[in-house]
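Residue-level structure breakdown
For reference, the chains in residue letters:
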Amino acid sequence: MIRKIFSFLFVLVATLTFTSIAYSQTGKNTVRLPDGELVCDLNGEWNTLYEPYGPMQHFGKMKSMIKITQQGNMFVGKSMIDTGFTPAGTEKIRGELDKDGIKKVQITRPDKDWSDGKVEMSKDCNKIVIDDSDGLKMTLERR
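Just so we're clear, the structure is a prediction, and the values are computed from it rather than from any experiment. (Residues numbered from 1 in each chain as written. Predicted model: local features only at pLDDT ≥ 70, side-chain atom pairs only at ≥ 80, totals over all residues. Heavy atoms only, no water.)

Take the overall build of the chain next. Looking only at helices and strands, the chain features 1 helix and 11 strands. Written out in order from the N terminus, the α and β elements of the chain read α-β-β-β-β-β-β-β-β-β-β-β. For the chain, contacts bridging at least 24 residues in sequence account for 37% of all contacts bridging at least 6. Carbon and sulfur atoms form 57% of the exposed surface of the chain, whose accessible area is close to 9400 Å². (Helix = DSSP H or I, 4+ residues; strand = E, 2+ residues; numbered from the N terminus. Contact = heavy atoms within 4.5 Å. Areas by Shrake-Rupley, 256 points an atom, 1.4 Å probe, with all protein chains shown as cover.)

A separate point is the pairing of strand E8 (residues 112-116). Consecutive residues of a regular strand have side chains that alternate between opposite faces of the sheet. Examined bridge by bridge, strand E7 (residues 101-109) and E8 share 3 bridges and lie antiparallel to one another. Note on E8: the bridge partner recorded for arginine 109 is lysine 112. With antiparallel pairing between neighbouring strands as the criterion, E7 and E8 make up a hairpin whose turn holds 2 residues. (Pairing = 2+ DSSP bridges.)

Along the chain, the position of lysine 61 falls in the loop between strand E3 (44-52) and strand E4 (62-71). On the accessibility criterion, lysine 61 (62% relative accessible area) is exposed. Distance in space between the C-alpha atoms of lysine 61 and glutamate 51 is 4.8 Å, their sequence separation being 10 residues. Those residues in contact with lysine 61 that sit more than four places away from it in its chain are Leu49, Tyr50, Glu51 and Pro52. (Buried < 20%, exposed > 50% of the residue type's maximum accessible area, 1.4 Å probe, protein only.)

Another aspect to go through is the environment of methionine 138. Among the structural elements, methionine 138 can be located in strand E11 (residues 136-142). For the pair methionine 138 and leucine 49, spaced 89 residues apart in sequence, the C-alpha separation works out to 5.7 Å. If sequence neighbours within four positions are ignored, methionine 138 has contacts with Thr48, Leu49, Tyr50, Ile66, Lys92, Ile93, Ile107, Ile128, Val129 and Ile130.

Right, let's get into the nonpolar core. Residues Leu42, Phe75, Ile93, Ile130, Met138 and Leu140 are the most contacted members of the largest nonpolar core, which totals 20 residues. Residues within four places of leucine 42 in sequence aside, it is in contact with Ile68, Gln70, Phe75, Leu97, Ile102, Met121, Cys125, Ile128 and Arg142. (Core = buried A, V, L, I, M, F, W, Y, C linked by side-chain atoms within 4.5 Å.)

Here 9 strands make up an open sheet; going across it, the order is E8-E7-E6-E5-E4-E3-E11-E10-E9 and the pairing antiparallel. At either margin of the open sheet sits one strand with a lone partner, and together these are E8 and strand E9 (118-121). Each strand of the sheet is rotated relative to its neighbour by a mean of 20°, with strand direction disregarded. When E9 meets strand E10 (residues 127-131), the two strands line up antiparallel, connected through 4 bridges. Note on E10: the bridge partner recorded for valine 119 is isoleucine 130. (Axes fitted to C-alpha atoms, helices over the stretch in contact; angles between N-to-C directions.)

Within the secondary structure, serine 133 sits in the loop between E10 and E11. Judged by relative accessible area, which is 45%, serine 133 ranks as partly exposed. Along the chain, serine 133 and glycine 117 lie 16 residues apart, while their C-alpha atoms are 6.9 Å from each other. If we skip the residues at most four places from it in the chain, serine 133 touches Tyr53 and Lys118.

The next thing to look at is the side chain of glutamine 70. Among the secondary structure elements, glutamine 70 is positioned in strand E4. Judged by its relative accessible area of 10%, glutamine 70 falls in the buried class. One polar contact links the side chain of glutamine 70 to the main-chain amide nitrogen of leucine 42, over a distance of 2.7 Å. Within polar-contact distance, the side chain of glutamine 70 engages the backbone oxygen of glycine 72 at 2.9 Å. (Polar contact = N/O pair within 3.5 Å; in protein donor to acceptor, adjacent residues only side chain to side chain.)

So this is what it looks like as structure tokens:
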């Protein structure tokens with residue numbers, strides 16, 4: 001009888017432990033898609049730092065803000081501030097998410113149309129670094 005009680009308690013504790021781990025992985029910066037896939041929730045305002053390099057370096061660093069809206073696994077970010085280079089409301093970033101982070105991202109700048117970027121995103125979904133490999137590095141941090 002005691003063995004059955006300990007077995008039941010072990011199963012109960014194991015179930016609660018695994019359930020709490022699964023629940024903790026659906027944090028406030030994630031969203032579950034209709035197909036069940038869990039992706040980062042990028043909706044919101046992001047502080048943005050533009051860091052030109054190479055031939056673009058003479059433009060210097062510039063701070064801005066972008067508002068990202070996300071529908072499912074697709075997202076678009078628009079500038080919130082008129083920078084002198086682009087007016088507020090201009091699309092600056094767009095992309096696609098998957099369970100591993102950002103699957104595809106494109107950025108634009110005044111001298112160039114959309115270009116693909118190499119991207120790194122923090123595990124907590126609060127920081128994104130994009131390099132267009134052509135003179136511009138863009139760092140976004142959630143506000």
